[in-house]
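# Observations on the model geometry
Here's the letter readout for the chains.
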Amino acid sequence: MTHTTDKTDRNILSALQRHGRLTNLELAERVHLSPSPCLRRVRALEATGLIEGYEARINRRQLGLDVLVFVFAAVERHATADSKAVRKAINDLPEVVECHVVTGEFDLLLKVALPDLDAYRTFSLERLLRVPGIRDIRTSIVIDTVVDTRPLPLLHIR
């Protein structure tokens, strides 16, 4: 099911990306709608999957996850069964907070959050490199973050 978005939907999406805990009344006021039509629009955006859910942003450093690492991983074979097994194994590693299939020299880009470099060493050598199908990895450790979890651009919605 697809949903044709307009400027009002863009305003709703923009407000919810920045403040996901707005009440319907607060949201309606921000987007200049009455509460009932605002709620109908939000429910329609949820029903079509445009709004996937609502989450709390948690400060990883406050949790003691001081090291953020990007790992490029190469897989041995690209057969469907092998690919599914690698994806499942990666998905079962809680330290992996994002995983993307990418083009280029490597096949996967992982974003990994850990307490320290020793934890990364253990993770990479004893867990990631033991995933059947992973043949090589390259690591980039994040020194500083310039932009983190920015709302999606909505300027193309008219």
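The following refers to the structure shown. (Residues numbered from 1 in each chain as written. Predicted model: local features only at pLDDT ≥ 70, side-chain atom pairs only at ≥ 80, totals over all residues. Heavy atoms only, no water.)

This structure, assessed with the given rule, holds 2 aromatic pairs. Relative to phenylalanine 106, the ring of phenylalanine 72 lies with its centre 6.0 Å away and its plane at 45°, an arrangement referred to as tilted. Note that phenylalanine 72 is positioned in strand E1 (residues 67–75) and phenylalanine 106 in the loop between strand E2 (96–101) and strand E3 (108–114), a separation of 34 residues in sequence. Overall, the relative accessible area of 9% leaves phenylalanine 106 in the buried class. Ring centres 6.2 Å apart and planes at 40° place the aromatic pair tyrosine 120 and phenylalanine 123 in the tilted group. Of this pair, tyrosine 120 and phenylalanine 123 both sit in helix H5 (residues 117–128), 3 residues apart, which is roughly one turn of the helix. Residue classification places phenylalanine 123 among the buried positions, given a relative accessible area of 1%. (Phe/Tyr/Trp six-rings, centres within 6.5 Å; stacked < 30°, edge-to-face > 60°. Helix = DSSP H or I, 4+ residues; strand = E, 2+ residues; numbered from the N terminus. Buried < 20%, exposed > 50% of the residue type's maximum accessible area, 1.4 Å probe, protein only.)

In summary, soluble globular proteins display a tendency toward joint burial of nonpolar side chains. Counting 19 residues, the largest nonpolar core has Ile90 and Ile134 as its most contacted members. Looking at this core, the elements that each hand over two or more residues are E1, helix H4 (80–91), E3, H5 and strand E4 (134–141). Sort the elements by how many residues they give to this core and E1 lands first, with 5 residues. When sequence neighbours within four positions are dropped, the list of residues in contact with isoleucine 134 reads Ala73, Ala74, Val75, Glu76, Val86, Ile90, Leu108, Leu128 and Leu129. In this structure, Leu27, Ile51, Leu154 and Ile157 belong to the second largest nonpolar core, which totals 14 residues. (Core = buried A, V, L, I, M, F, W, Y, C linked by side-chain atoms within 4.5 Å. Contact = heavy atoms within 4.5 Å.)

Space inside the largest pocket adds up to approximately 1,600 Å³. Lining of the largest pocket is provided by 35 residues; of these, Glu55, Ala56, Arg57, Thr149 and Arg150 occupy positions nearest its centre. Among the residues making up the lining of the largest pocket, the classes are represented as 16 nonpolar, 8 polar and 11 charged. (1 Å grid on protein atoms, 1.4 Å probe; cavity = no way out; pocket = protein on both sides within 12 Å on 5 of 7 lines; lining within 4 Å. Points joined across faces, edges and corners; volume = space filled by probe spheres on them. Nonpolar A, V, L, I, M, F, W, Y, C, P; charged D, E, K, R; others polar.)

Turning our eyes to something else, we now look at the sheet that holds E1. In spatial order, the strands read E2-E3-E1-E4; together these 4 strands make up an open sheet with antiparallel pairing. Either end of the sheet is taken by a strand with one partner, and the two such strands are E2 and E4. Taking each pair of neighbouring strands and ignoring which way they run, the sheet shows an average axis angle of 20°. Of the strands in this sheet, E1, E2, E3 and E4 touch H5, which is tilted by about 165° from E4. (Pairing = 2+ DSSP bridges. Axes fitted to C-alpha atoms, helices over the stretch in contact; angles between N-to-C directions.)

Tallied over the entire structure, the rule returns 8 salt bridges. Close ionic contact of aspartate 9 with arginine 41 constitutes a salt bridge, the shortest N to O distance being 2.8 Å. Residue aspartate 9 is found in helix H1 (residues 7–18), and its partner arginine 41 is found in helix H3 (residues 35–47); the two are separated by 32 residues along the sequence. Residue arginine 41 is classed as partly exposed on the basis of its relative accessible area of 25%. Here arginine 43 ties to glutamate 46 by a salt bridge, and the two come within 3.4 Å at their closest N and O atoms. With a gap of 3 residues between them, arginine 43 and glutamate 46 both fall in helix H3, about one helical turn apart. By relative accessible area, which is 26% here, glutamate 46 ends up partly exposed. Overlapping salt bridges bring together Asp6, Asp9 and Arg41 as one network. (Salt bridge = Lys/Arg side-chain N within 4 Å of Asp/Glu carboxyl O.)

So, on to the pairing of E1. The buried fraction of E1 amounts to 7 of the 9 residues, a majority that puts the element mostly inside the structure. As defined by bridge partners, E1 adjoins E3 across 7 bridges and the pair is classed as antiparallel. Residue pairing for E3: valine 67 is matched across the bridge by leucine 114. Across 7 bridges, E1 lies against E4 in antiparallel orientation.

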